[in-house]
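Now for the letters of each chain:
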Amino acid sequence: MSFGTFTAGETVSPGTPLAVTPAGVVYPCCPTNPTTRNLVGIAIESGFAGGAVRVAFDVMPNNIFTDLVPGEQYYTGLSSGTILSGSHNFNIELQDSGFPDAYLNLIGTAVNATRLNLERANPRILMSGSSTT
């Protein structure tokens, strides 16, 4: 398991997908915000603004999440710091949000109900009104 320690830019909870700014500070990943739309990893513990937070880069410890569907892929949601299953229709949410585009970041695949294998990859850019889900 690979972990790193960063300074949190705001309060984060375990399981929050995070992005790192050019200053090296992590914030909840927000696919519509140019500064925080690239996923770096998942918080494995709580962190407060200005304090240290540990971030997982590959495999999550157990009991971070609840109610994951084994084998299902999970992505960053359009709301800052959220995750959604791959069965979610991102295009409808993007259209309803009023944003012209968003980065679709794959977080990983659920191993069981509480654990994700992180599969960081280059995000796909979704354009409002496109047909990609």
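Conventions adopted
- Residues numbered from 1 in each chain as written.
- Predicted model: local features only at pLDDT ≥ 70, side-chain atom pairs only at ≥ 80, totals over all residues.
- Heavy atoms only, no water.
- Helix = DSSP H or I, 4+ residues; strand = E, 2+ residues; numbered from the N terminus.
- Contact = heavy atoms within 4.5 Å.
- Buried < 20%, exposed > 50% of the residue type's maximum accessible area, 1.4 Å probe, protein only.
- Pairing = 2+ DSSP bridges.
- Axes fitted to C-alpha atoms, helices over the stretch in contact; angles between N-to-C directions.
- Polar contact = N/O pair within 3.5 Å; in protein donor to acceptor, adjacent residues only side chain to side chain.
- Phe/Tyr/Trp six-rings, centres within 6.5 Å; stacked < 30°, edge-to-face > 60°.
- Lys NZ or Arg CZ within 6 Å of the ring centre and 35° of its normal.

What follows is about the environment of Thr21. Along the chain, Thr21 falls in the loop between strand 2 (17–20) and strand 3 (25–28). For the pair Thr21 and Arg37, spaced 16 residues apart in the sequence, the C-alpha separation amounts to 9.6 Å. When residues no more than four places from it in sequence are discounted, the contact partners of Thr21 are Tyr27 and Thr35.

Phi angles above zero are rare outside glycine, and Asp67 is one such case at about 65°. For Asp67, the position within the fold is in the loop between strand 5 (52–56) and strand 6 (73–76).

A separate point is the side chain of Thr109. For Thr109, the location among the structural elements is in strand 9 (residues 106–112). Thr109 gets classed as buried once you look at its relative accessible area, which sits at 19%. Those residues in contact with Thr109, other than ones at most four positions away along the chain, are Gly71, Glu72, Gln73, Arg115, Leu116, Asn117 and Glu119.

Reading around the barrel, the five strands line up as 1-3-2-4-5 and close back on themselves, with mixed pairing between neighbours. Taken pair by pair, the neighbouring strands of this sheet meet at an average axis angle of 55°, ignoring direction.

Here Thr16 shows up in the loop between strand 1 (3–8) and strand 2. Overall, the relative accessible area of 10% leaves Thr16 in the buried class. Polar side-chain contacts of Thr16 include one of 2.7 Å to the backbone oxygen of Ser13. Not counting residues up to four positions away in its chain, the partners in contact with Thr16 are Pro28, Gly41, Ile42, Ala43 and Gly81.

According to the stated counting rule, one finds two aromatic pairs in the structure shown. Ring centres of Phe6 and Phe57 lie 6.3 Å apart, and the angle between their planes is 90°; on these two criteria the pair is classed as edge-to-face. Taken as a pair, Phe6 in strand 1 and Phe57 in the loop between strand 5 and strand 6 lie far apart in primary sequence, 51 residues in all. Centre to centre, the rings of Tyr75 and Phe90 are 5.5 Å apart; their planes meet at 70°, and the pair counts as edge-to-face. Linking Tyr75 in strand 6 with Phe90 in helix 1 (residues 90–97), this pair joins segments that are 15 residues apart in sequence. Relative accessible area serves as the criterion here: at 13%, Tyr75 is assigned to the buried category. Between Arg54 and the ring centre of Phe3, over which it is positioned, the NZ or CZ distance is 5.0 Å.

All we've got here are geometric facts, nothing functional implied.
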